[in-house]
Amino acid sequence: MEPLKTSPSSPMSPSSPQGSAAEADLVVEGGRLVTPEGVFEGGVVIRDGRIAALVAPGDPLPAGPRLDARGRYVLPGLIDSHVHFRTPGLEHKETWERGSRAALAGGVTTVMDMPNTRPPSLDTASLRAKAALIAGRSYVDHRFHMGADPDHPEVLADLDPAVATSAKAFMAGHHTAPVVFREAHQLEAAFAAAARGGVRLVLHAEDQHVFDLLDSRSGDPESYGAYEPHRPRSGAIVAVAKVVHLVRTHGTKVHILHVSSAEETDLLVAAAAEGLPISFEVTGHHLSFTDHDTARRGPRTRLSPAIRAPRDRERLWRAVLDGEASTIGSDHAPHTVEEKNRPPAEAPPGLPGVQELAISVWTGLLARGVEPDAAASHLARLMGTGPADLFDLVGKGRLAVGADADLALLDPAARWQLSAGHVQSLCGWSAYEGWMFTGRFTTVVRGGRVAWDLARGTMGEPLGRWLPGPALPAAALPGAQPPAMPSRELEGAVR
Ligand code: DOR
Ligand code: ZN
């Protein structure tokens, strides 16, 4: 461990008498606290589900249960702003319980869930109903992206921000994405309405017309080697160009999901440099695999958008390292083994990934020669402040006094091989089976409680909350629960 580094951007403030004297609910001591700006040794004092103080080494810590973080990075509980937890209607692929356990095992304490369920969530009433279904079943906090409805784009103009501040639009469809913006006038109307309502559009930016045109000549792929050429980069590039044009016209805020190619990345970086309100996400799987994996190993890395060439993967890594990408997301999209083993044309795209996202990126960062402190800061931005700021997740994604006490403790050097037995998702498989990972989440705290312990698995009750939008306190939402105090049953895990 290095000595304490002090700099003007250190999150530590002199501990106030209130910060150190009164008993704490939990004290995390001896770890290395991670912010996007740097890493600092220190302790975290937790009271009432929030961070009450960040204390420099040597300064007094209050009495209370201890969590030993020596040898660990203490990251803010991570945010995955792109999961498909399949409630309602597709619970044979994933349940909210299992998906949220997978999240905890991957250091994730907040997820943003997608609307392509059965039925899809295309209005605030269906989001409220979904929150009620999930209440008491989630191990992580959650917010929803509403679905943008091509037949009712006007809904976006007066979306209640307490329920959702973002809406997902699919510009191309597939097995689990039947609601598609096919007509130019629908997309135009959605961009205009979202701009009026201050809603951020999150976009699956591939162009259905490009794919229809190609399909009219070549039909379905017969092998996984033929999958990427069947859904090529041209579909994504055309869609991104359309989006840039619409943003220029309407001023809509957009976040492009799962960018897959070098060309899209270059276009988006140029558009953002022009001052347009455009940001983008890179997924763990587009950073981890190439089309060679899909050709060799088949359906597990059959994704929409497709996994592309090694040069695309390297461009996406540069977007991560240079700060061009605002978020990394898992696009956790489980399907059953039976579904994935269907012939290529019928196998649905998607893989589970919320458990593997942070650790695969951590492994990739170190493999690229990034120093551990810098790698930790990348994660704190891409799965912390990045998504928190983009999606108004107040109190999430940063180690700061007053923030929610969500923490992910990372053993940076643990070497381990992932097997199916590690998989928490209901689907029971991972595209990363056989991978050697560097680093492992050993303890995860959500709302001030130990929610995950590597040796013991999920801890305590599924107390994850539906997170209100910026306009409404949590308690006012149906299905929302206040942060809870540590219970006696958990104290065994807290040394
Ligand atoms: O591969 C994908 N799977 N891409 C998507 O856009 C949706 C997802 C799913 O829901 O299965
Ligand atoms: Zn998705």
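Fair warning: this is a prediction, and the values are worked out from it, not measured in the lab.

K.L.:
Summarise the overall build of the protein chain; cite the residues concerned and give the values.
P.N.:
In terms of regular secondary structure, the protein chain is built from 14 helices and 18 strands. Expected size for 495 residues packed as a compact globule is a radius of gyration near 23 Å; at 22 Å, the protein chain falls within 12% of this value. Counting only C-alpha atoms and orienting by the principal axes, one finds that the protein chain spans roughly 70 × 45 × 45 Å. Here the protein chain holds 495 residues, and 60% of them are scored as buried. Considering only residue pairs separated by 6 or more positions, the protein chain has 76% of its internal contacts joining residues 24 or more positions apart. Approximately 17300 Å² of the protein chain is accessible, and the part contributed by carbon and sulfur atoms is 54%. On the protein chain, the mean spot of the 49 positive side-chain charges and the mean spot of the 58 negative ones are 2 Å from each other.

K.L.:
Now, about the coordination of the zinc ion (ligand 2): what can you tell me, with residues and values included?
P.N.:
The zinc ion (ligand 2) binds to the protein through His 82 (NE2), His 84 (NE2) and Asp 331 (OD), with metal-donor distances spanning 2.0 to 2.2 Å. For the zinc ion (ligand 2), the single-chain donor residues occur in sequence as H-x1-H-x246-D. Of this pair, His 82 sits in strand S6 (residues 78–83) while Asp 331 sits in the loop between strand S14 (327–329) and helix H12 (337–340), and the two are 249 residues apart along the sequence. Residue Asp 331 is classed as buried on the basis of its relative accessible area of 6%.

K.L.:
I'd like to hear about helix H11 (residues 310–321), residue by residue, with values.
P.N.:
Helix length check: H11, at 12 residues, gives a terminal C-alpha distance of 17 Å against a target of 16 Å (1.5 Å per residue), a fit within 8%. Residues of H11 that are buried include every one of Asp 312, Arg 315, Leu 316, Trp 317, Ala 319 and Val 320, and no others. Trailing H11 by a residue or two, Gly 323 shows a phi angle of about 80°, which is positive.

K.L.:
Tell me what's going on with the side chain of Glu 228, and back it up with residues and numbers.
P.N.:
For Glu 228, the position within the fold is in helix H6 (residues 227–230). Of the polar contacts made by the side chain of Glu 228, one reaches the side chain of Arg 308; its length is 2.6 Å. Setting aside its immediate chain neighbours within four residues, Glu 228 contacts Arg 233, Asp 291, Ala 306, Ile 307 and Arg 308.

K.L.:
Now, about the pairing of strand S11 (residues 200–204): what can you tell me, with residues and values included?
P.N.:
Judged by how many residues are buried, S11 sits mostly within the fold: five of five residues are covered. By the alternation rule, side chains of S11 split into Arg 200, Val 202 and His 204 and Leu 201 and Leu 203, which are all buried. Here strand S10 (residues 166–170) pairs with S11 via five bridges, running parallel. Residue pairing in the sheet places Ala 169 in a bridge with Leu 203 of S11. Regarding topology, helix H4 (residues 184–197) serves as the crossover connection from S10 to the parallel S11, and that connection is right-handed. Where S11 meets strand S12 (residues 253–256), four bridges bridge the pair, whose relative direction is parallel.

K.L.:
I'd love a proper account of the sheet that holds strand S7 (residues 108–113), names of residues and values included.
P.N.:
In a beta sheet, neighbouring strands pair by backbone hydrogen bonds and run either parallel or antiparallel. A sheet is described by the order of its strands in space; here three strands give the open sequence S6-S7-S8, paired in parallel fashion. A strand with exactly one partner marks an edge of an open sheet, and here the two such strands are S6 and strand S8 (141–144). When the angles between neighbouring strand axes are averaged without regard to direction, this sheet yields 20°. In terms of strand pairing, S6 meets S7 through four bridges, oriented parallel. From the neighbouring strand, Leu 78 faces S7, where its bridge partner is Val 108. Along the sheet, helix H2 (residues 96–105) makes contact with S7 and S8, crossing S7 at roughly 130°. Along the sheet face, helix H3 (residues 124–134) touches S7 and S8 and points at about 160° away from the line of S8.

K.L.:
Pulling in residues and values, what's your account of the pattern of salt bridges?
P.N.:
Overall, the coordinates contain 33 salt bridges when judged by the stated rule. Between Asp 266 and Arg 315 there is a salt bridge; the shortest N-O distance is 2.8 Å. Taken together, the residues span a long stretch of sequence, with Asp 266 in helix H8 (residues 262–273) and Arg 315 in helix H11 at a distance of 49 residues. Of the charged contacts, one joins Asp 406 and Lys 396 as a salt bridge, the two residues approaching to 2.7 Å between their closest N and O atoms. Taken together, the residues span a long stretch of sequence, with Asp 406 in the loop between helix H14 (372–390) and strand S15 (407–417) and Lys 396 in the loop between H14 and S15 at a distance of 10 residues. You can call Asp 406 buried: its relative accessible area is 4%. What makes Lys 396 buried here is its relative accessible area of 2%. Within the structure, one salt-bridge network assembled from shared partners comprises Arg 50, Asp 141, Lys 396, Asp 404, Asp 406, Arg 446 and Arg 465.

K.L.:
Can you tell me about the site of ligand 1, naming the residues and giving the values?
P.N.:
Within the structure, ligand 1 sits among 15 residues, and Arg 86, Asn 116, Thr 176, His 204 and Ser 304 are positioned closest to it. Between ligand 1 and His 84 there is a distance of 3.4 Å, counted from an oxygen atom to a side-chain nitrogen or oxygen. Burial of ligand 1 by the protein amounts to 100% of the accessible area it has alone, namely 290 Å².

K.L.:
Describe the sheet that holds S11, listing the residues and the values that go with them.
P.N.:
Strand order in the open sheet formed by six strands is S9-S10-S11-S12-S13-S14, with parallel pairing between adjacent strands. Every interior strand has two partners, whereas the edge strands, strand S9 (146–147) and S14, have only one. Sheet topology places strand S13 (residues 278–283) next to S14; three bridges connect them, and they run parallel. Within the sheet, the bridge partner assigned to Thr 283 lies in S14 and is Gly 329.

K.L.:
Go over the environment of Lys 242, please, and point to the residues and values.
P.N.:
Relative to the elements of secondary structure, Lys 242 occurs in helix H7 (residues 233–250). Residues Lys 242 and Ala 131, 111 residues apart in the sequence, show an inter-C-alpha distance of 33 Å. Once residues lying within four places of it in the same chain are set aside, the contact partners of Lys 242 are Met 171, Asp 207 and His 209.

About the thresholds
- Residues numbered from 1 in each chain as written.
- Chains lettered and ligands numbered in written order.
- Predicted model: local features only at pLDDT ≥ 70, side-chain atom pairs only at ≥ 80, totals over all residues.
- Heavy atoms only, no water.
- Helix = DSSP H or I, 4+ residues; strand = E, 2+ residues; numbered from the N terminus.
- Rg over C-alpha atoms; globule rule 2.2 N^0.38 Å.
- Buried < 20%, exposed > 50% of the residue type's maximum accessible area, 1.4 Å probe, protein only.
- Contact = heavy atoms within 4.5 Å.
- Areas by Shrake-Rupley, 256 points an atom, 1.4 Å probe, with all protein chains shown as cover.
- Lys, Arg positive; Asp, Glu negative; His and termini not counted.
- Charge placed at Lys NZ, Arg CZ, Asp CG, Glu CD.
- Donors = N, O, S within 2.8 Å, 3.2 Å for Na, K, Ca; no water.
- Expected span 1.5 Å × (residues − 1).
- Polar contact = N/O pair within 3.5 Å; in protein donor to acceptor, adjacent residues only side chain to side chain.
- Pairing = 2+ DSSP bridges.
- Right-handed = clockwise from strand over helix to strand, strands pointing away.
- Axes fitted to C-alpha atoms, helices over the stretch in contact; angles between N-to-C directions.
- Salt bridge = Lys/Arg side-chain N within 4 Å of Asp/Glu carboxyl O.
- Near = heavy atom within 4 Å.

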